[in-house]
Amino acid sequence: MIIAQSVPTLLGGIIKQAQDIVSEARWMEFYAHGPQTEDQIAMLEDTVFQIENALIAVKANIADLKGEDL
């Protein structure tokens, strides 16, 4: 069973994910300025993972928007 979301809900989700991406990018910049250690590299990898997940969610919301009657 597919439960449709409203257009404002989908757009709100996109906004939230965009804010999450900006936050992760700031952390990425912070970690990139730090000393090069294994922990630093792991944190950089984690920020990339979080951004990837946010982009997947944005793509899903956009696909759902295309299916809605605007």
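Counting restarts for each chain, with residues numbered from 1 along the sequence as it is written. Thresholds applied to this predicted model are a pLDDT of at least 70 for local features of residues and 80 or more for the giving and counting of side-chain atom pairs; totals over whole chains, interfaces and linings are not thresholded and use all residues. Derived side-chain values reflect all non-hydrogen atoms in the structure, with water molecules and hydrogen atoms excluded from consideration.

1. Things to note about the environment of Arg-26
Stage number 1. Note on conventions: DSSP H or I runs of at least 4 residues are helices, E runs of at least 2 residues are strands, and numbering of each starts at the N terminus. Within the fold, Arg-26 resides in helix H1 (residues 7-32).
Stage number 2. The buried label applies to any residue whose accessible area, calculated with a 1.4 Å probe on protein chains only, is under 20% of its type's maximum; exposed applies above 50%, and partly exposed to all values in between. A relative accessible area of 59% means that Arg-26 is categorised as exposed.
Stage number 3. Linking Arg-26 and Ala-42, residues 16 residues apart in sequence, is a C-alpha distance of 16 Å.

2. Notes on the packing of aromatic side chains
For any pair of aromatic rings, the description rests on two quantities: the centre-to-centre distance and the angle between the ring planes.
Stage number 1. Between rings of Phe, Tyr and Trp, where Trp is taken as its six-membered ring, a pair exists when centres lie within 6.5 Å; planes separated by under 30 degrees are stacked, by over 60 edge-to-face, and by other angles tilted. Tallying each qualifying case throughout the model produces 3 aromatic pairs.
Stage number 2. Ring centres of Trp-27 and Tyr-31 lie 5.5 Å apart, and the angle between their planes is 25 degrees; on these two criteria the pair is classed as stacked. With Trp-27 and Tyr-31 both in helix H1 and 4 residues apart, this pair spans about one turn of that helix.
Stage number 3. When the ring of Phe-30 is compared with that of Tyr-31, the centres are 5.6 Å apart and the planes differ by 65 degrees; the resulting orientation is edge-to-face.
Stage number 4. For Phe-30, a relative accessible area of 55% gives the class exposed.
Stage number 5. The exposure class assigned to Tyr-31 is buried, which follows from its relative accessible area of 16%.
Stage number 6. Feature note: the residues Trp-27, Phe-30 and Tyr-31 constitute an aromatic cluster, connected by ring pairs.

3. Overview of H1
Stage number 1. The end-to-end C-alpha distance of H1, which contains 26 residues, comes to 37 Å, matching closely the 38 Å that a straight helix rising 1.5 Å per residue would cover.
Stage number 2. Every buried residue of H1 is listed here: Leu-10, Gly-13, Ile-14, Gln-17, Glu-24 and Tyr-31.
Stage number 3. Looking at the buried residues of H1, the elements they touch are helix H2 (38-67). Helix span, as expected, comes to 1.5 Å for every residue beyond the first. Here, two residues are considered to be in contact whenever any of their heavy atoms come within 4.5 Å of each other.

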